[in-house]
Amino acid sequence: MTQDEMKKAAAIKALDFVQKDSIVGVGTGSTVNHFIDALATMKHDIEGAVSSSEESSKRLRAHGIEVFDLNNVDAIDVYVDGADEITKHMHMIKGGGAALTREKIVAAVAKTFVCICDETKQVSVLGNFPLPVEVIPMARSYVARELVKLGGDPSYRQGVVTDNGNVILDVYNLDIIDPITLERDINALVGVVTNGLFAARGANILVLGTPNGAKVIK
Ligand code: 5RP
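Residues numbered from 1 in each chain as written. Predicted model: local features only at pLDDT ≥ 70, side-chain atom pairs only at ≥ 80, totals over all residues. Heavy atoms only, no water.

K.L.:
For the packing of helix α2 (residues 30-39) against helix α3 (residues 54-62), give the residues involved together with the corresponding values.
P.N.:
With their axes 10 Å apart at the nearest point, α2 and α3 run at an angle of 25° to one another. In this view, α2 runs roughly parallel relative to α3, as classed from their interaxial angle. For α2 against α3, the interelement crossing comes out right-handed. Between α2, through Val32, Asn33, Ile36, Asp37 and Leu39, and α3, the contact on the second element is made entirely by Glu55, Ser56, Arg59 and Leu60. Class assignment of the residues belonging to the contact of α2 with α3 gives a composition of 4 nonpolar, 2 polar and 3 charged. (Axes fitted to C-alpha atoms, helices over the stretch in contact; angles between N-to-C directions. Helix = DSSP H or I, 4+ residues; strand = E, 2+ residues; numbered from the N terminus. Parallel < 35°, antiparallel > 145°, perpendicular 65-115°, else oblique. Left-handed = near helix turned anticlockwise from the far one by under 90°. Contact = heavy atoms within 4.5 Å. Nonpolar A, V, L, I, M, F, W, Y, C, P; charged D, E, K, R; others polar.)

Here it is in structure tokens:
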């Protein structure tokens, strides 16, 4: 199986967690794109979706799935999203697609976070993938200097503006031994909107694409 086939296998398996007549939380990325395509096969069984990016909203609407404003939704049972890295503790790095802030908001509302990814995303320690940090544009240099003090090597993701009008710093070489504390410390820097550590609120279920098909880990 190719990596993309493993992503697709995980995405299709995640349909098992979608409840009838519910509003589904939908993340962003190539694995989620497979999930959206799979969700379209049961679009008459769901009420619609809340989306974490303009890209996913566009794909959902193209399939005829209604996209709700999160402000008009009281509760979300299940949020399905990918990850750039995930540990056995269900802590993740996300934001490779620059959608981390909206992803974190929808994840915060959802009762259950179902992470879908291929097995290459499983790691013992987070941080080989550079940690994305969404920053208010005027704070970019200040936040970069503060991230250096925290031990990282930030790099400005050129040419990328998030759906919220902000910029991304990708932080290399961080020693992420305590992801919950680091998530909190980076979020406390003035000018940071949020960072791509999903540790305080990690995944509840991992659907992992492997060469032998999708495996559910709880
Ligand atoms: C986007 C994300 C994605 O979930 C993450 O980058 C994984 O993407 P892919 O499914 O394309 O491997 O966090 O902001």
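Still more ground to cover, so stick around.
K.L.:
Tell me about the environment of Arg102, residues and numbers included.
P.N.:
Within the element layout of this structure, Arg102 appears in helix α4 (residues 100-109). Measuring from C-alpha to C-alpha, the distance between Arg102 and Ser51 comes to 8.2 Å, with 51 residues separating the pair along the chain. Aside from chain neighbours lying at most four places away, what touches Arg102 is Ser52, Glu54, Asp163 and Asn164.

K.L.:
Outline the pairing of strand β9 (residues 167-172), supporting the account with residue identities and numerical values.
P.N.:
Counted residue by residue, β9 has 5 buried out of 6 residues, so it is predominantly covered. Across 5 bridges, the pairing between strand β7 (residues 131-135) and β9 is antiparallel. Looking at the pairing, Pro132 lines up with Asp170 of β9. Across 4 bridges, strand β8 (residues 153-156) lies against β9 in antiparallel orientation. Bridging across to β9, Tyr156 finds its partner in Leu169. (Buried < 20%, exposed > 50% of the residue type's maximum accessible area, 1.4 Å probe, protein only. Pairing = 2+ DSSP bridges.)

K.L.:
Pulling in residues and values, what's your account of the packing of aromatic side chains?
P.N.:
Under the counting rule described, the total for this entry stands at 2 aromatic pairs. Aromatic side chains Phe113 and Phe198 sit 6.5 Å apart centroid to centroid with 80° between the ring planes, which places their arrangement in the edge-to-face category. Here Phe198 lies in strand β11 (residues 197-198) and Phe113 lies in strand β6 (residues 110-118), a separation of 85 residues in the sequence. Of the two residues, Phe113 and Phe198, both sit in the buried class. Stacked on the ring of Phe198, the Lys or Arg Lys94 has its end atom at 5.5 Å from the ring centre. The ring of Phe198 is capped by Lys104, whose NZ or CZ atom sits 5.0 Å from the centre of that ring. (Phe/Tyr/Trp six-rings, centres within 6.5 Å; stacked < 30°, edge-to-face > 60°. Lys NZ or Arg CZ within 6 Å of the ring centre and 35° of its normal.)

Everything listed here is a matter of geometry and, on its own, says nothing about what the molecule does.
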